[in-house]
Each structure stands twice: as C-alpha cells, then as structure tokens.
Amino acid sequence: MNKSLSILLIGILVATVFSSCQQQEKNTTTETTILKETKSKKVKNVIFLIGDGMGLSQVSASQYYNDGTPNFERFSVIGLSKTSSSSDVITDSAAGATALASGIKSYNGAVGVTPDTLAVETIIEQISPKGISTGVISTSAITHATPACFYAHVKSRRMEEEIAQFLVNSEVDFFAGGGLKFFNEREDGKDLLKLLEENNFEVQREKLPNKTSKKKQAILLSDKGMPTMLEGRGDFLPEATQLAIDYLSKNEEGFFLMVEGSQIDWGGHANDADYLITELLDFDKTLGVALDFAKQDGETLVIVTADHETGGFTLASDDGDYNKIKPVFSTDGHSGTMVPVFAEGPGSELFGGIYENTSIYDKIKSFFIE
Ligand code: MG
Ligand code: ZN
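Here the structure is a predicted model, which is why all the values come from computation and not from measurement.

Colleague: Which parts of the structure should I look at to understand the coordination of the magnesium ion (ligand 1)?
Modeller: Tetrahedral metal sites with four donors have an ideal angle of 109.5 degrees; octahedral sites with six donors have ideal angles of 90 or 180 degrees. The coordination sphere of the magnesium ion (ligand 1), as far as protein atoms go, consists of Asp52 (OD), Thr146 (OG1) and Glu260 (OE), spread over 2.0 to 2.2 Å. Expressed as a motif, the donor residue spacing for the magnesium ion (ligand 1) is D-x93-T-x113-E. In this pair, Asp52 is assigned in the loop between β1 (45–51) and α2 (56–64) and Thr146 in helix α5 (residues 145–148), connecting sequence segments 94 residues apart. On the basis of relative accessibility, which here comes to 2%, the residue Asp52 falls in the buried class. On the basis of relative accessible area, Thr146 is assigned to the buried category, the value being 0%.

Colleague: Where do I start with the coordination of the zinc ion (ligand 2) in this structure?
Modeller: Each protein donor to the zinc ion (ligand 2) is listed here as Asp265 (OD), Asp265 (OD), His269 (NE2) and His334 (NE2); together their distances run 2.1 to 2.5 Å. Angles of 55 to 156° at the metal separate the four donor atoms of the zinc ion (ligand 2), which places the site in the irregular class. Considered as a linear motif, the donors of the zinc ion (ligand 2) on their single chain read D-x3-H-x64-H. In this pair, Asp265 and His269 both sit in helix α10 (residues 263–269), four residues apart, roughly one turn of the helix. For Asp265, a relative accessible area of 5% puts it in the buried group.

Colleague: Explain the packing of helix α3 (residues 93–102) against helix α12 (residues 358–368) to me, please; I cannot follow it from the model alone.
Modeller: When two helices pack together, their arrangement is captured by the angle between the axes and the distance separating the axes. Two numbers describe how α3 lies on α12: the axes approach to 6 Å, and their chain directions differ by 25°. By the criterion of interaxial angle, the relationship of α3 to α12 is roughly parallel. Here the hand of the crossing between α3 and α12 comes out right-handed. Residues Ala99, Leu100, Ala101 and Ser102 of α3 pack against Thr358, Ile360 and Tyr361 of α12. Split into classes, the residues belonging to the contact of α3 with α12 amount to five nonpolar, two polar and no charged.

Colleague: What is the right way to look at the pattern of salt bridges in this model?
Modeller: Counted by the stated rule, this structure contains nine salt bridges. Between Glu279 and Arg233 there is a salt bridge; the shortest N-O distance is 2.8 Å. Highlighted residues: Glu279 in helix α11 (residues 273–297) and Arg233 in the loop between β6 (216–220) and α9 (236–248), separated in sequence by 46 residues. Residue classification places Glu279 among the buried positions, given a relative accessible area of 3%. Given a relative accessible area of 8%, Arg233 falls into the buried group. Here Asp235 ties to Lys285 by a salt bridge, and the two come within 3.0 Å at their closest N and O atoms. In this pair, Asp235 sits in the loop between β6 and α9 while Lys285 sits in helix α11, placing the two residues 50 residues apart along the sequence. Asp235 gets classed as partly exposed once you look at its relative accessible area, which sits at 30%. Ionic contacts of the salt-bridge type, sharing partners, join the residues Lys82, Lys105 and Glu356 into one network.

Colleague: Where do I start with the sheet that holds strand β7 (residues 255–261) in this structure?
Modeller: Hydrogen bonds along the backbone pair up the strands of a sheet, which may run parallel or antiparallel. As summarised here, the arrangement of the ten strands in space is β5-β6-β4-β3-β7-β1-β8-β13-β2-β14, forming an open sheet in which the pairing is mixed. Every other strand in the sheet has two partners, leaving β5 (201–204) and β14 (353–356) as the edge strands with one partner each. When strand polarity is set aside, the average angle formed by the axes of neighbouring strands in this sheet is 15°. Where strand β2 (residues 77–82) and β14 come together, four bridges link them in parallel fashion. Residue pairing across strands places Lys82 opposite Glu356, the latter belonging to β14. In this fold α11 packs onto β1, β7, β8 (300–305) and β13 (339–344), with an angle of close to 170° to the strand it touches most, β1.

Analysis parameters
Residues numbered from 1 in each chain as written. Chains lettered and ligands numbered in written order. Predicted model: local features only at pLDDT ≥ 70, side-chain atom pairs only at ≥ 80, totals over all residues. Heavy atoms only, no water. Donors = N, O, S within 2.8 Å, 3.2 Å for Na, K, Ca; no water. Helix = DSSP H or I, 4+ residues; strand = E, 2+ residues; numbered from the N terminus. Buried < 20%, exposed > 50% of the residue type's maximum accessible area, 1.4 Å probe, protein only. Tetrahedral: all angles 85-135°; square planar, octahedral: opposite > 155°, others 65-115°. Axes fitted to C-alpha atoms, helices over the stretch in contact; angles between N-to-C directions. Parallel < 35°, antiparallel > 145°, perpendicular 65-115°, else oblique. Left-handed = near helix turned anticlockwise from the far one by under 90°. Contact = heavy atoms within 4.5 Å. Nonpolar A, V, L, I, M, F, W, Y, C, P; charged D, E, K, R; others polar. Salt bridge = Lys/Arg side-chain N within 4 Å of Asp/Glu carboxyl O. Pairing = 2+ DSSP bridges.

In short, the description is geometric, and any link to function would need to be established separately.
Next comes the structure, spelled out in structure tokens:
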C-alpha cells in the first residue's frame, strides 16, 4: 500500500470513530434529558403489585369473567418482562422476586442472594435509610418466596423460619399476610411475636384492623397461606392494601409498597381455572385501590407485573365453538413466556418496551435514589 493511501485510510478511520463517538454522546445526552424530564414529575410513592404466575392469558381472563371493566384497562403504559433466572430458562418465584427486589439474576430457590449465595441489598433495604416507609402484603405466608425476597437473604426459599427472623429485624414498617406458625411455632422455640413487639411492632392475629396506630404493623392472619377466594378470603387483599396506603402515606418522604396476589400461581399449579380466575379477579380489585389512591395523590406510580407465568394457561375455544371459552392448562408448573408490565402515574413512561425483569428494579430504584 502506498503511503498517501494509508494516510487517507487512517484519516477516514479517525473521522468515522470520531463521528460515532459524537453520535453516542448525543444519544446519551438525549437519554439523560428524558430521565430528567421524567423525574421533574415527582415520583414520591411506588405501589408495586405482583401477580404470581400471572401471564397474559390470566390477565385476559379479567375481560371474560369480570362484571365491569377490569382495572387492568386503566393503565396507559404496557411493557413485557423477560423472566429467566441465572440457573434456568424457566424461573421459580424466588429467583423471579430476587430479580424484581434486588435487580440481579440468581438461581431458582434463591431469596435475596447472588448465585454465590451472598446477600444482595433489596430495594427496601436501600430506600429505608432515606426515610421512605415500606410495606409488604401477600395472600401467601409473608415468609413465602415472593414477599421474602423484599427483606430476607437465605440460600433456599424453604428456610421460612430464618426468613421470619429477618422480617422481625427488617426495615419493613407494615406487613400483612399468612405465615403465623413461622413466628410462634418454631423449631428453635423462639417467640418471634414477642420480639416483633419489642421492635415496636403492633401485632394483629385476629383480623385486619379498621385503622392503625402509629406503631409498625405486623398482621399475621393464618398459619400458612391465607384462605383461597373460593374458601371465602373475602376482601383481605384490597382492604389490607387500603390500610397499608393509609398508614404509609402519612410519611411526607414517601413510601414503597409491594402487594402480591400470591395464589394466582397456586390456581395455575392446581390446573384449577375457578381457583385461578377468582384469585385474578381479587387481584384486579386490588389494582383499583392502588389506582384510586394514585389518581388523587398525583405523585404515586403504580406498577403491576408477574414473576413468571404458571400453568401454560390459555383461553381456548370449547370444542371448536368460537363463541365459548374454555380455560385450559399445558403444564402444572411454570412456563417461559414473557409477562406483562403495567404502569400508571408519574414515571410510567419508562415501562414501555421489552426488557429483563431486573430492569424493573433499576427503574424503581431510579425514582428514590439519584
Ligand atoms: Mg409468590
Ligand atoms: Zn409457582
């Protein structure tokens, strides 16, 4: 190659690299501007609702089995979340919730720990020191995989007595669900209810109170999971959510509340469409409580998603009759389909698109931590 051609080629190369750097810088600047614009509409509170095992067919059931218009239709931004874990294409609820609560991919069964079983901070642990109030509600035991990932760090989801111990010492200000026996019928004989009271919790075991005192709230209404809707659980989930909002919204600094419709997943595992759909409709009703508060508050972001789909559930036709729906299942386990994400309120515009479940954590964190 002659010398002048080489110089020409180098010149072109330098020019190309320079212009692509400029382009990149420009892109970054645009993204920063978008983020700042989003942040200028203040997100003070986040209500994060997880329908365990709730894929798009489960959500679609709210169209066909609801009397009125489903609350799902009140969301203006919709995205899709990819749910694989670090160990498996198909995640379990522990790895799924660890991704949502701590922003990392870990192995199936992991509760708030890395693939090397090291504790990883949860969103609740990160924002509590900033004066944000926090709450966790579920229709499973409060020590079950999904809620546990928001406050505990254990190598296996089965360690529910250890998980309960984490909750006693956690930054969580309000919790409600089942799981009483992991607090008061323990192999180590400890009475965690007493320890909760020593840690400034007011413990409720009989029923949901109508209102709360200023004390932290520990509401444990059944030994393991809460009763199913078919068994007559009633309005526990929407009412506990309202109670938590009333309690947490007294904090001028803001709050983060996680609410889980735990048993949508259990209906899927049981391949029981009535079970699944009644749990789904209860979850939809709960969305209404969150959305009503957010609408009048104006500084509250409501996000709804799932950890994964359960049951390979679909709304097929009944015997070829396209006017009749017959819910069917293709597995009694989880499936690998993407799950929907719904967002409404300030900051909701960040939730459109297709992204990893860990990115939901990143977005939530960005509202509380610069
Ligand atoms: Mg769960
Ligand atoms: Zn499951």
